[in-house]
Amino acid sequence: MKAHRDGIAAVFGLILGVVAMAGTVLTDEYAHAAGAEARGYDALFHVVATGEQCDATAIPAVLVASNEVNREGRR
């Protein structure tokens, strides 16, 4: 009987999660959060690639290339 109740609780939890995610997507909050995350990564890559925080003189080519790939993916 306990396994049956656990199964019912799992189904209700799944349904609740799907409804919550659908509500988030339909209100454009998901797109807003994804855009903010992308801007944050772009800013992080800029700081690391230019060495602004540590006065680095050499720009690592791998970071610059990965930043360009990220920028192209958002266009």
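Given the structure is predicted, the values throughout are model-derived calculations rather than measurements.

(A) Focus on the overall build of the protein chain. When its secondary structure is counted, the protein chain shows 3 helices and 0 strands. Reading the protein chain from its N terminus to its C terminus gives the helix and strand order α-α-α. Counting every position in the protein chain, which comprises 75 residues, the buried fraction comes to 7%. Per element, the accessible surface of the protein chain, about 6,100 Å² overall, is 68% carbon and sulfur.

(B) Molecular detail of a nonpolar patch on the surface. There is a patch of nonpolar side chains on the surface, built from I8, V11, F12, I15 and V19 and spanning about 480 Å² of accessible area. Within the secondary structure, F12 sits in helix α1 (residues 2-26). A relative accessible area of 56% places F12 in the exposed class.

(C) Fine view of unusual backbone geometry. Phi is positive for D28, close to 65°, though the residue is something other than glycine. Relative to the elements of secondary structure, D28 occurs in the loop between α1 and α2 (29-50). Residue D28 is classed as exposed on the basis of its relative accessible area of 54%.

(D) Inspection of the confidence of the model for the protein chain at higher detail. Per-residue confidence for the protein chain gives a mean pLDDT of 77; residues scoring 70 or more make up 64%. Within the protein chain, helix α3 (residues 61-74) has the poorest average pLDDT of any element, 63, and α1 the best, 90.

Parameters and conventions
Residues numbered from 1 in each chain as written. Predicted model: local features only at pLDDT ≥ 70, side-chain atom pairs only at ≥ 80, totals over all residues. Heavy atoms only, no water. Helix = DSSP H or I, 4+ residues; strand = E, 2+ residues; numbered from the N terminus. Buried < 20%, exposed > 50% of the residue type's maximum accessible area, 1.4 Å probe, protein only. Areas by Shrake-Rupley, 256 points an atom, 1.4 Å probe, with all protein chains shown as cover. Patch = residues over 30% accessible without salt bridge, like charges linked within 9 Å, V, L, I, M, F, W, Y side chains within 5 Å. Salt bridge = Lys/Arg side-chain N within 4 Å of Asp/Glu carboxyl O. pLDDT = per-residue confidence, 0-100.

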